[in-house]
Amino acid sequence: MEDHRLVLSEFQDNLKNERKTLFQNDFQYHMTQESCDTLQNMQKLIAGYEELYHKPPVAGSKVLLLFGLLQGLFVAIDCLYTIGRSTSLNKMMININQNIVLREIKHIRNDIVGHPSYRYYEDNVVGFCALDIENLIEDELVYDSVVYVDHTIKTTKHRVKMLEVIKQYYQESNEVLSQTLQFFKMKQSKSTLNLSFEVNHLAELFMSGTKDHAMLDTIEEHFKAGLHLKKDSNHRVIWRIRLIRYLFSQAKNDYIDYLTILEMYKLYSLLYHFEKEINPDCVFRFIRFVPNPEFILLKNRIKKTKKRHYDPSYLHDNSHPLYQSNFEALLKQHSEDRNTDHLREWIHKQLQENNRDMMYLIGSELKLK
């Protein structure tokens, strides 16, 4: 907690000192400061939990602690996103979903605190949460999520160590604040990275048939050095670079080629918007490419289908409890579409292999924006 207190204090001091440089108006400044104040309140909430979680529970006190902690974490993560929006970085510095522990929090919070008695998952699928109060031992949260699918009751047991969740929250929060602080310093000194140009060149080489692993490695190294990132950083730019490296390792086909150039475009866009905040004269230049026609056809089918048996808004979310069944329902509902047979067969194969990185890439292209 002490590390978090120090980095948050430094962050707020920098906001005050460079208020006119960093913010377009007073509203954005006050919004950011209020988010920081909420993060300070979260420190107090966590301190209270850590002091009391192991004590013999008074009736209801354990549940109150858990409800408060889960809601507090949900709000704190939202504040980190608000800091990104109000400082013109949007989601540039935040990639909570790549933290295996934290990415479950939104689902756990919705199960336990948000909608415990009637939880909506997808069309015609509802469920509820059964909190096991008798087994709330030490910092462990135990509950069942229960759904009714195809006339069958399905129960999934969840065990969550809240102290580990707190540890991961502090780790990610520190990284977000430290990286944003570094961006502020770069903006003040007008020191940019000029890496978007390199990504466009990487894409040009790929479109001509070359996978330049060395160039991809260099882009990653320069970005980490520029923002003082750790080797295992989950920064959104580093995450997209890892996805491209993963796609480079896959057997070549039209779908892989399309997903690769699409991921390069997303990486370019991230870096371009980052660099434009420092140098407003940046011009958007990325090699032209043609979308895969089968992906376009399937996306159009999804958009035009009114009575869906799946939820297209979380096709990219492989941490969702019903992520796999959601994709299976999509493939089944559109099984009569002969124009997308080959693509659906390929997607089904990736789903059977439980290839989560690939399914994220596929889902993020098919989901409704």
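## Digging into the overall build of the chain
Move 1: For the chain, the helix and strand inventory stands at 14 helices and four strands.
Move 2: Here the C-alpha radius of gyration of the chain, 23 Å, is about what a compact globule of 369 residues would show, namely 21 Å.
Move 3: Projected onto its principal axes, the C-alpha positions of the chain cover 65 × 60 × 35 Å.
Move 4: The 369 residues of the chain split such that 51% are buried.
Move 5: Just so you have it, the chain exposes about 18,500 Å², and 52% of that area is on carbon and sulfur atoms.
Move 6: Averaging the positions of the 48 positive and the 49 negative side-chain charges in the chain gives two centres separated by 4 Å.

## Overview of the confidence of the model for the chain
Move 1: Here the chain shows a mean pLDDT of 88. Residues at 70 or above account for 97%.
Move 2: The weakest mean pLDDT in the chain belongs to strand S1 (residues 119–122) at 71; the strongest belongs to helix H7 (residues 196–207) at 97.

## Focus: the state of the cysteines
Here, the word disulfide means a covalent bond between the sulfur atoms of two cysteines.
Move 1: Considering all chains together, one arrives at zero disulfides under this definition.
Move 2: Just so you know, Cys-79 is unpaired, no disulfide at all, and the nearest cysteine sulfur is the one on Cys-36, 8.6 Å from it.
Move 3: Judged by relative accessible area, which is 8%, Cys-79 ranks as buried.

## Notes on the environment of Ile-347
Move 1: If you trace the backbone, Ile-347 turns up in helix H13 (residues 341–352).
Move 2: Each C-alpha atom, one on Ile-347 and one on Phe-327, is 9.2 Å from the other, the two residues being 20 residues apart in sequence.
Move 3: Setting aside its immediate chain neighbours within four residues, Ile-347 contacts Leu-298, Phe-327, Leu-331, Met-359, Ile-362 and Leu-366.

About the criteria used
Residues numbered from 1 in each chain as written. Predicted model: local features only at pLDDT ≥ 70, side-chain atom pairs only at ≥ 80, totals over all residues. Heavy atoms only, no water. Helix = DSSP H or I, 4+ residues; strand = E, 2+ residues; numbered from the N terminus. Rg over C-alpha atoms; globule rule 2.2 N^0.38 Å. Buried < 20%, exposed > 50% of the residue type's maximum accessible area, 1.4 Å probe, protein only. Areas by Shrake-Rupley, 256 points an atom, 1.4 Å probe, with all protein chains shown as cover. Lys, Arg positive; Asp, Glu negative; His and termini not counted. Charge placed at Lys NZ, Arg CZ, Asp CG, Glu CD. pLDDT = per-residue confidence, 0-100. Disulfide = S-S within 2.5 Å. Contact = heavy atoms within 4.5 Å.

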